[in-house]
Amino acid sequence: MTLMLTFLAALIIGGIVVWKVIDSGFGMKWLAENFQKQADEFWMRAYTLQKAGKYDEAIALYDQSLAAERRSAQPRQAKMALTLELAGFCYNQRNQTDNALASSQKALEIYRKLGDDKKIANLLNGIGKLHARIDQYEQAAAAHQEAMELARKIGQEPTLAAALANLASVLR
């Protein structure tokens, strides 16, 4: 005879109490999957608000998406990087350059760990533009230079062209 542990779990997610009967064999899987589903729901709502120009609301939901993703058993790093990148875009639209830089640099760190050179090159261009916006021209030039070198290495001509134009803009 096997012993099956069963209990009632209350989980507060986004202000909603979710009850679920969890047994000892499947409970943690349900929780992990639920956190990822919650992260996806927050993300989709945030993205919709971002597209509608409601950047403050989008930022709040991107933050909730990140929090839910971090609570999952295996956080999806690429999803977290994209979420941080989009939050950075929203901060930029709100002229919160310091927050945009911080969010973008966190995304860049994850993309570097993942080895996603295309995303790294594109994000470096954006980071360079943010630095230029606050008159940090050396950091801007360094970011555009790195984006240019990486784009050349991976054969991304549009990114290379953008990096060259951005670098020229900073150096003039």
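Each remark here, short or long, concerns the structure printed above.
Definitions and cut-offs
- Residues numbered from 1 in each chain as written.
- Predicted model: local features only at pLDDT ≥ 70, side-chain atom pairs only at ≥ 80, totals over all residues.
- Heavy atoms only, no water.
- Helix = DSSP H or I, 4+ residues; strand = E, 2+ residues; numbered from the N terminus.
- Contact = heavy atoms within 4.5 Å.
- Expected span 1.5 Å × (residues − 1).
- Buried < 20%, exposed > 50% of the residue type's maximum accessible area, 1.4 Å probe, protein only.
- Phe/Tyr/Trp six-rings, centres within 6.5 Å; stacked < 30°, edge-to-face > 60°.
- Lys NZ or Arg CZ within 6 Å of the ring centre and 35° of its normal.
- Axes fitted to C-alpha atoms, helices over the stretch in contact; angles between N-to-C directions.
- Parallel < 35°, antiparallel > 145°, perpendicular 65-115°, else oblique.
- Left-handed = near helix turned anticlockwise from the far one by under 90°.
- Nonpolar A, V, L, I, M, F, W, Y, C, P; charged D, E, K, R; others polar.

A.B. asks: Could you clarify how one ought to interpret the side chain of Asn-166 in this entry?
C.D. replies: Locating Asn-166 in the fold gives a position in helix α7 (residues 157–171). Other than its neighbours up to four places away in sequence, Asn-166 contacts Asn-125, Lys-129 and His-144.

A.B. asks: Help me understand helix α6 (residues 137–154), please; the structure alone is not making it clear to me.
C.D. replies: Compared with an ideal rise of 1.5 Å per residue, which puts 18 residues at 26 Å, α6 spans 26 Å between its outermost C-alpha atoms and is within 8% of the ideal. Those residues of α6 lying buried are Ala-140, Ala-141, Ala-143, His-144, Ala-147, Met-148, Leu-150 and Ala-151. Buried residues in α6 make contact with α5 (117–133) and α7. Count one or two residues on from α6 and you reach Gly-155, which has phi positive near 75 degrees.

A.B. asks: For this particular structure, what's the right way to read the packing of aromatic side chains?
C.D. replies: By the definition in use, this model includes 3 aromatic pairs. Feature note: the residues Trp-43, Tyr-47 and Tyr-62 constitute an aromatic cluster, connected by ring pairs. A cation sits over an aromatic face here: Lys-79 above Trp-43, 4.4 Å from the ring centre.

A.B. asks: Is there a simple way to explain helix α3 (residues 77–93) in this structure?
C.D. replies: Owing to its 3.6 residues per turn, the α-helix aligns residues three or four sequence positions apart on the same side. The end-to-end C-alpha separation of α3 is 24 Å, in line with the 24 Å expected for 17 residues at 1.5 Å each. Looking only at α3, the buried set comprises Met-80, Ala-81, Thr-83, Leu-84, Leu-86, Ala-87, Gly-88, Cys-90 and Tyr-91. Count one or two residues on from α3 and you reach Asn-95, which has phi positive near 60 degrees.

A.B. asks: Just checking my understanding: could you explain the packing of α6 against α7 for this structure?
C.D. replies: In a packed pair of helices, the relevant descriptors are the angle between the two axes and the axis-to-axis distance. Where α6 contacts α7, the axes come no closer than 8 Å and their chain directions differ by 155 degrees. One element, α6, and the other, α7, form an angle in the roughly antiparallel class. The interaxial crossing formed by α6 with α7 has left-handed handedness. Residues Tyr-137, Ala-140, Ala-141, His-144, Gln-145, Ala-147, Met-148, Ala-151 and Arg-152 of α6 form the contact with α7, whose own contacting residues are Thr-159, Leu-160, Ala-163, Leu-164, Asn-166, Leu-167, Val-170 and Leu-171. Taken together, the residues of the contact of α6 with α7 break down into 12 nonpolar, 4 polar and 1 charged.

The values reported here are purely geometric and, on their own, carry no functional implication.
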